[in-house]
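Tertiary structure, described
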Amino acid sequence: MTRLSSCDHDALKAELAEVLSRWHNSAGDTSHCPVRGILDNLGDKWTVLVLVILSSGTHRFSEIKKAIPDISKRMLAKTLRKLERDGLTLRQVLPTKPPSVEYSLTKTGDSLLGPLTTLIAWAEQTKLDISASRSTYDDAHRTEAGF
């Protein structure tokens with residue numbers, strides 16, 4: 001992952017300021033942000049993992065569950081329903097006995113893979129820095145709280 005030049009960084013900051021201004025002007029405050037519901041779904045604990053698994057192709061429920069062993073069946077079903085509702089995944093019931101169900105990414109879901117790959121690369125690149133910051137913060141606040 002390459003670092004942005006200060007010019008690129010300033011352009012990104014200006015673009016984000018413009019977006020925030022647009023949201024404020026159209027709705028009065030950020031609680032009415034038009035993308036909040038979408039980002040809330042993408043930012044939950046399981047969605048990114050499910051999307052990464054589906055990026056390799058069509059999978060049955062049991063295959064996804066096996067790939068994420070610590071997710072409950074209930075939570076996987078809920079996550080897949082949210083992704084289907086948002087138009088990111090396709091649920092296809094196959095005419096077998098008993099019926100089987102396969103999940104795949106839609107065109108919209110597939111379009112998310114680029115930004116998602118960038119976010120994952122950023123997380124991998126900064127995980128040591130973030131871990132060190134968390135430790136420093138926790139140590140400072142443990143001392144402040146008298147623990």
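Note that the coordinates shown come from a computational prediction; the quantities given were computed from them, not determined experimentally.

1. Re the pairing of strand S3 (residues 100-105)
Counting buried residues in S3 gives five out of six residues, a clear majority hidden from the surface. Alignment of strand S1 (residues 59-60) against S3, held across two bridges, turns out to be antiparallel. Pairing of His 59 across the sheet is with Tyr 103, part of S3. With six bridges joining them, strand S2 (residues 89-94) and S3 adopt antiparallel strand pairing. The partner of Arg 91 across the bridge, within S3, is Tyr 103. Linking two consecutive strands that pair antiparallel, namely S2 and S3, is a turn of five residues.

2. Some thoughts on helix H3 (residues 47-54)
If you check which residues of H3 are buried, you get Thr 47, Val 50, Leu 51, Ile 53 and Leu 54. Seen end-on, H3 carries its buried residues on one side only, within an arc spanning 160°.

3. Side note on the pattern of salt bridges
Throughout the structure, instances matching the rule amount to two salt bridges. The closest approach of N and O atoms between Asp 44 and Lys 82, which form a salt bridge, is 2.5 Å. Highlighted residues: Asp 44 in the loop between helix H2 (36-42) and H3 and Lys 82 in helix H5 (residues 73-85), separated in sequence by 38 residues. The partner of Arg 142 in a salt bridge is Asp 139, with the nearest N and O atoms 2.9 Å apart. Remark: Asp 139 and Arg 142 occur in helix H7 (residues 113-145); sequence separation between them is three residues, near one turn of the helix.

4. Focus on the sheet that holds S1
Across a sheet, paired strands are connected by hydrogen bonds in the backbone, their directions being either parallel or antiparallel. In spatial order, the strands read S1-S3-S2; together these three strands make up an open sheet with antiparallel pairing. Each of the sheet's edge strands pairs with one partner strand only, and the pair in question is S1 and S2. This element, H3, spans S1, S2 and S3 of the sheet and lies at about 95° to S3.

5. Observations concerning the side chain of Thr 89
Its location among the elements puts Thr 89 in strand S2. For Thr 89, a relative accessible area of 4% translates into the label buried. From its side chain, Thr 89 meets the backbone nitrogen of Glu 84 in a polar contact 3.1 Å long.

6. Brief notes about a nonpolar patch on the surface
Where nonpolar side chains cluster on the molecular surface, the patch consists of Leu 119, Trp 122 and Ile 130 and spans about 270 Å² of accessible area. Within the secondary structure, Trp 122 sits in helix H7. By relative accessible area, Trp 122 is classed as partly exposed at 41%.

7. Re H5
The terminal C-alpha atoms of H5, which comprises 13 residues, lie 18 Å apart, in line with the 18 Å expected from a rise of 1.5 Å per residue. Taken as a whole, H5 has its buried residues at Leu 76, Thr 79, Leu 80 and Leu 83. Seen from one end, H5 has its buried residues packed into an arc of 95°, which puts them on one side. Exposed side of H5, more than 90 degrees from the buried face: Arg 74, Arg 81 and Arg 85 are the residues found there. Contact partners of the buried residues in H5: H3, helix H4 (61-67), S2 and S3. Directly beyond the C-terminal end of H5, a positive phi value near 80° is found at Gly 87.

Rules and cut-offs
Residues numbered from 1 in each chain as written. Predicted model: local features only at pLDDT ≥ 70, side-chain atom pairs only at ≥ 80, totals over all residues. Heavy atoms only, no water. Buried < 20%, exposed > 50% of the residue type's maximum accessible area, 1.4 Å probe, protein only. Helix = DSSP H or I, 4+ residues; strand = E, 2+ residues; numbered from the N terminus. Pairing = 2+ DSSP bridges. Arc of directions from axis to C-beta. Salt bridge = Lys/Arg side-chain N within 4 Å of Asp/Glu carboxyl O. Contact = heavy atoms within 4.5 Å. Axes fitted to C-alpha atoms, helices over the stretch in contact; angles between N-to-C directions. Polar contact = N/O pair within 3.5 Å; in protein donor to acceptor, adjacent residues only side chain to side chain. Patch = residues over 30% accessible without salt bridge, like charges linked within 9 Å, V, L, I, M, F, W, Y side chains within 5 Å. Areas by Shrake-Rupley, 256 points an atom, 1.4 Å probe, with all protein chains shown as cover. Expected span 1.5 Å × (residues − 1).

Keep in mind these values describe shape, not function.
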